[in-house]
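An overview of the molecular structure
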Amino acid sequence: MLSKMPSFANTEFSIVRVSAAKRKFSSKAIEEAIHEFQSSVKDKELGWLFNNCFPNTLDTTVTFTTQQGKPDTYVITGDIDAMWLRDSSAQVWPYLYFIKQDSGLQQLVAGVINHQAKCILKDPYANAFYNDPNKVGDWAHDLTKMQPGIHERKWEIDSLCYPIRLAYKYWELTGDTTPFDEQWKSAVKLTLKTFKEQQRKESQGPYSFQRKTAWATDGVPMNGYGYPVKPVGLICSAFRPSDDATLFMYLVPSNFFAVVSLKQAAEMVKKISKDEPLANELLALAAEVEEALKKYAVIDHPDYGKIYPYEVNGYGSYNLMDDANVPSLLGLPYLNAMDKEDPVYQNTRKMLLSLNNPFFFKGKAGEGIGGPHAGKDMIWPLGIIIRGLTSNDDEEIKYCIAMLKKSNAGTGFMHESFNKENASIFTRKWFAWANTLFGEFLWETYKLKPNLLG
């Protein structure tokens, strides 16, 4: 939904962060980081934005409880009361680097891992869930196997990758294996099973999706199974991380993400669960997908040379574009899917950050990648943040920070998207993923290249 900043908006750094008494969760480590940033960075507007954005997930979106003796954390996206597996992982990710300083924060993240495992076991094909297992929502009549407790059932590869990414980093940083019990291992097994089903080697698999709507990107063609693909070892994704339907179902950035996640899950089940056969199965699928990407997900472009397309179908068709939502082609190094200096990535990056990408928009308010979800001429701050996080160029990083600072349009927060000509025209005034990721970008820049913050 498009919003417009009211003319009376106060841009003199008014207090817009929710008051301490109304915050959902408070972390001493995060508050100390905010104080350090504001005390050290001379740009007062960046200090104000960091104070508002970085803790936004903790302030406004988490419900932390204990269930059956285990921490449990439900995380909404912001203005939608539902937990996306992708968003919830990405929203708490930047806090991982503080959990060794704050045991309460560590328990909160462990609770996210536990809750996500329950969601996956409920339905590995669903992308978003309610906290109430009996709640029936707006999409209950979608033509798919809906059930109470599920907000939306759009099959997206990354929905099963993000929980592994979060779990792996948590384990790597803390050494704590408590969340990785039989329930978690069962979720990993189901992830593997689902990925194999969606390789569609012998059939179209058990998943299909249709919705009665005029919004074309909310439906899947061919009776809900999508356009045909050639079984080449890649994994089908009916939807993108934007929740828009894919054109060709082999979504390249999500397949790269799956390779990383399968390898991480294999290491965890081998070392924690001592299940070598499962680890070997996970590694075998990772190797198969990795090899298929080399064969089917690199094309020769007349201007840029070898590049990665956004989607392919195994028959030779491909879609040249990128979407701001992560996993994106631009964001592959952020997900540890490849090095920033990978030559094919660098060629691809040049194409993506140009008008040869149909979803790259440029205007008076800034430039960046958007996508079909918010429409033409709408730039997503997520895309600008990822551009900065994957850049080795100091001037580019400064440019991204300046655009993001300007894009808040006096609200003190990031948004889902803003108009390329006027940042005061934006979608979603409460979008916690963008807020927290912006905080991550600022904190990383402060720690590694503080001179870029002015």
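These notes cover the structure that comes with them. (Residues numbered from 1 in each chain as written. Predicted model: local features only at pLDDT ≥ 70, side-chain atom pairs only at ≥ 80, totals over all residues. Heavy atoms only, no water.)

Structural notes on the packing of helix H4 (residues 85-92) against helix H6 (residues 158-174)
The criterion, for reference: Lines are fitted to the C-alpha atoms to define the axes, a helix being fitted only along its stretch in contact, and any angle between axes, read from their N-to-C directions, falls within 0 to 180 degrees. Segments assigned H or I by DSSP are reported as helices when at least four residues long, segments assigned E as strands when at least two residues long, and all are numbered from the N terminus. Oblique is the label for every angle not falling under 35 degrees (roughly parallel), over 145 degrees (roughly antiparallel), or within 65 to 115 degrees (roughly perpendicular). By convention, the crossing between two helices is left-handed when the near helix turns anticlockwise from the far helix through less than a right angle, and right-handed when the turn is clockwise. Two residues qualify as a contact provided that any one of their heavy atoms is within 4.5 Å of a heavy atom in the partner residue. Only Asp, Glu, Lys and Arg are considered charged in this grouping, and only Ala, Val, Leu, Ile, Met, Phe, Trp, Tyr, Cys and Pro are considered nonpolar; every other residue, Gly among them, is considered polar.
Viewed as axis vectors pointing N to C, H4 and H6 meet at an angle of 25 degrees, and their least axial separation amounts to 8 Å. Regarding the angle of H4 to H6, the classification is roughly parallel. As for the relative orientation of H4 and H6, their crossing is left-handed in sense. Residues Leu-85, Arg-86, Ser-89, Ala-90 and Val-92 of H4 touch H6, and the partners they reach there are Asp-158, Ser-159, Tyr-162, Pro-163 and Leu-166. Taken together, the residues that form the contact of H4 with H6 break down as six nonpolar, two polar and two charged.

Quick look at the environment of Val-344
Positionally, Val-344 belongs in helix H11 (residues 343-352). It is 5.2 Å that separates the C-alpha atoms of Val-344 and Ile-307, two residues lying 37 residues apart in sequence. Every residue in contact with Val-344, bar those within four places of it in the chain, is listed here: Val-298, Lys-306, Ile-307 and Tyr-308.

As for a nonpolar patch on the surface
Formally: The patch calculation keeps residues exceeding 30% relative accessible area without a salt bridge and links them within 9 Å when they carry like charges or within 5 Å when they are nonpolar (Val, Leu, Ile, Met, Phe, Trp, Tyr). Each accessible area is a Shrake-Rupley estimate made with a 1.4 Å probe; only the visible protein chains count as cover when residues are assessed. Here, a salt bridge means any side-chain nitrogen of Lys or Arg that lies within 4 Å of a carboxyl oxygen of Asp or Glu.
Residues Met-222, Tyr-227 and Leu-247 make up a contiguous nonpolar surface patch of roughly 290 Å² in combined accessible area. Mapped onto the elements of the fold, Met-222 is located in helix H8 (residues 221-224).

Notes on the packing of helix H7 (residues 182-197) against helix H9 (residues 252-271)
As a packed pair, H7 and H9 sit with axes 11 Å apart at the nearest point and diverge in direction by 145 degrees. Crossing of H7 over H9 shows left-handed handedness. Of the residues in H9, those in contact with Trp-184, Val-188, Leu-192 and Phe-195 of H7 are Ala-258, Leu-262, Ala-265, Met-268 and Val-269. Considering only residue class, the contact of H7 with H9 consists of nine nonpolar, no polar and no charged.

Observations regarding helix H10 (residues 276-296)
Since the α-helix advances by 3.6 residues per turn, residues separated by three or four positions end up pointing in the same direction. Threshold: Given the number of residues in a helix, its expected span is that number minus one, multiplied by 1.5 Å. With a 1.4 Å probe rolled over the protein chains alone, any residue whose accessible area is under 20% of its type maximum counts as buried; one over 50% counts as exposed, and the rest are partly exposed. This arc is taken over the directions from the axis of the helix to the C-beta atoms.
With 21 residues, H10 ought to run about 30 Å at 1.5 Å a step, and its terminal C-alpha atoms sit 30 Å apart, in line with that. Listing the buried residues of H10 in full gives Leu-278, Ala-279, Leu-282, Leu-285, Ala-286, Val-289, Ala-292 and Leu-293. Seen from one end, H10 has its buried residues packed into an arc of 160 degrees, which puts them on one side. Exposed side of H10, more than 90 degrees from the buried face: Pro-277, Lys-294 and Lys-295 are the residues found there. Summarising the contacts, the buried residues of H10 are in contact with H7 and H9.

Description of the pattern of salt bridges
Oppositely charged side chains may form a pair once their charged atoms are brought near each other. The final tally for this structure, using the stated rule, is 35 salt bridges. Across the pair Asp-72 and Lys-118 runs a salt bridge whose closest N-O atoms are separated by 2.9 Å. Here Lys-118 lies in helix H5 (residues 103-122) and Asp-72 lies in strand E3 (residues 70-75), a separation of 46 residues in the sequence. Using a relative accessible area of 3% as the deciding quantity, one classes Asp-72 as buried. Between Lys-271 and Glu-267 there is a salt bridge whose closest N-O contact spans 3.3 Å. Here Lys-271 pairs with Glu-267, and both are found in helix H9, just four residues apart, close to one helical turn.

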